[in-house]
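Per-entry structural report
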Amino acid sequence: MSQEKPLVEVGRSESEEVSTDGMAARYAGLMLLEDVLQRKQALDQALDQQQAFKALPMRDRAFTRMMVSTILRRLGQIDNIIERAIEREVPRNITVQNVLRIGVVQILFMDVADHAAVDTSVKLAEKLGMEKQKAFVNAVLRTVTREGVHWRELQDEVRLNTPEWLLKIWIEDYGLRMAAEIAKANLSEAALDISVRDRESRNFWASNFKATQMTTGTLRKNSGGAVHDLQGFDEGHWWVQDASAAIPAQLFGDVDGQHVYDLCAAPGGKALQLAAMGAQVTALDRSANRLKKLKQNLERMQLSDRVEVITADAGSWRPKGEAGYVLLDAPCSATGTIRRHPDALHLKVPQDIERLSHLQEALLENAFDMLMVGGVLVYCTCSLQKAEGERQIERFLVAHQDAQRLPITARELGGFDEALTEDGDLRILPFHQAALGGMDGFYIARLTKVAP
């Protein structure tokens, strides 16, 4: 069947995409889907722990990860296609449903031949002992090969793939048009951005990776290859960090020789950045397990001597003296990172927003309490909801007469001014810098303490 260009390129022909008959890769994908959708486990955690996935060769892992991520990103569309193909609700048997999802995503959203997508899905059903369902799976997917592209063209991808409660919040916060732009941008896979340890070597790594230099100082590399296998990773020349996430640390200005407190620091990209800028950093997080990755990266980057790592609750911990610089990257719903973490669409619930907003409020209070007069506090979240960003800061400034906003300027951002608000904060949306591949959604505000 002739189809239009697929929405996801896997970068290899069908004969190269996976080893042997590709069954192990599809089976691992099925296990990962069950981990996320049925067991409500974060995809990153499932990828780290799922034995079926870890047993795959590296090129098979890339295929499987792309397949699962695309299913999670476009689950509403995929299930809608399945409903059309069987002319009734999707099967109650969740395993059959996931087998069909694996078939449909390959047919409609990946560079996989129709016959291979159908054949491997039927074999997967057989492997799972579903002899009676084999013919059903075959019939449904063959219908999708005939009608699926047309059905896809008729779909409202924004509505189908975004939870209704979340889309409603975005409409209230930004209006219908911008909410739709946000939801549509979330359907694209995020780019690979890296931060270079030594600023003077940035041009070298940009040339080496054929990467685009972003105004935030990060390098944007075309996809391809496992991160750990890329030149310079093991030697600690760079680390992975989205362009948006690289901005907050820069808003302190020159921190060479200064002491910066990085609260809620794990997994540690901002702590690495501050240390590379010459700061002495106290990196604090309540999760000892999440701090392990930070410690590993500090050793790899040879920056351990500049960072003190503490396991403690940032809502109550206090330094011995007053702090001149505090970075609070507060725990949030992380809806700004849906492009790279599409499982968030299926793991978050409305109650999370309220719970996290209360947590952010408490963390912000303690972070400001430890700040000296004239000190600088940078507050940020990777959430798209204003309840976790703008409204937090508005409430805080009303409640604290000794708190003032330090407006962020376009000059500090290298001209990246489309995200600047009238108040001088940053509200970065996924479709910003769209020509370069978009950015993670972020809210960033900079405050100082004045004498009462």
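Above this text sits the structure in question.
This structure is a prediction, so every number in the text was calculated from the model and none was measured.

**A closer look at the packing of aromatic side chains**
Remark: the centre distance and the inter-plane angle together describe each pair of aromatic rings, the angle taken between the planes. Tallying each qualifying case throughout the model produces eight aromatic pairs. Judged by centre distance (4.9 Å) and plane angle (80°), the ring pair of Phe-204 and Trp-205 falls under edge-to-face. Taking the relative accessible area as the measure of exposure, Phe-204 reaches 45% and is therefore partly exposed. The class of Trp-205 is buried, set by a relative accessible area of 4%. Ring centres of Phe-368 and Phe-396 lie 5.1 Å apart, and the angle between their planes is 80°; this geometry places the pair in the edge-to-face category. With Phe-368 in helix α18 (residues 350–369) and Phe-396 in helix α19 (residues 390–399), this pair connects stretches of sequence that are 28 residues apart. The buried category is assigned to Phe-396, whose relative accessible area is 0%. An aromatic cluster is built from Phe-204, Trp-205, Phe-209, Phe-233 and Trp-238, whose rings are joined through pairwise contacts. The lysine or arginine in question, Arg-300, covers the ring of Phe-233, its NZ or CZ lying 3.8 Å from the ring centre.

**Things to note about the pairing of strand β5 (residues 259–263)**
The buried fraction of β5 amounts to four of the five residues, a majority that puts the element mostly inside the structure. Both β5 and strand β6 (residues 280–285) contribute to a ladder of five bridges, which runs parallel. Among the inter-strand pairings, Leu-263 is bridged to a residue of β6, identified as Leu-284. Chirality of the crossover, the property in question, places the unit of β5, helix α15 (residues 269–276) and β6 among those that are right-handed. The sheet contact formed by β5 and strand β8 (residues 323–329) spans four bridges and is parallel. By the bridge assignment, Leu-263 is partnered in β8 with Leu-328.

**Looking at the pattern of salt bridges**
This structure, assessed with the given rule, holds 26 salt bridges. The salt bridge involving Lys-123 is made with Asp-119; its shortest N-O contact spans 3.3 Å. In this pair, Lys-123 and Asp-119 both sit in helix α8 (residues 114–127), four residues apart, roughly one turn of the helix. Classification of Asp-119 as partly exposed rests on a relative accessible area of 37%.

**Observations regarding the nonpolar core**
Among the nonpolar cores identified, the biggest contains 51 residues, and Ile-71, Val-104 and Leu-108 are the most heavily contacted of them. Ignoring sequence-local partners within four residues, the contact set of Leu-108 consists of Ile-81, Val-144, Gly-148, Val-149 and Arg-152.

Rules used throughout
Residues numbered from 1 in each chain as written. Predicted model: local features only at pLDDT ≥ 70, side-chain atom pairs only at ≥ 80, totals over all residues. Heavy atoms only, no water. Phe/Tyr/Trp six-rings, centres within 6.5 Å; stacked < 30°, edge-to-face > 60°. Buried < 20%, exposed > 50% of the residue type's maximum accessible area, 1.4 Å probe, protein only. Helix = DSSP H or I, 4+ residues; strand = E, 2+ residues; numbered from the N terminus. Lys NZ or Arg CZ within 6 Å of the ring centre and 35° of its normal. Pairing = 2+ DSSP bridges. Right-handed = clockwise from strand over helix to strand, strands pointing away. Salt bridge = Lys/Arg side-chain N within 4 Å of Asp/Glu carboxyl O. Core = buried A, V, L, I, M, F, W, Y, C linked by side-chain atoms within 4.5 Å. Contact = heavy atoms within 4.5 Å.

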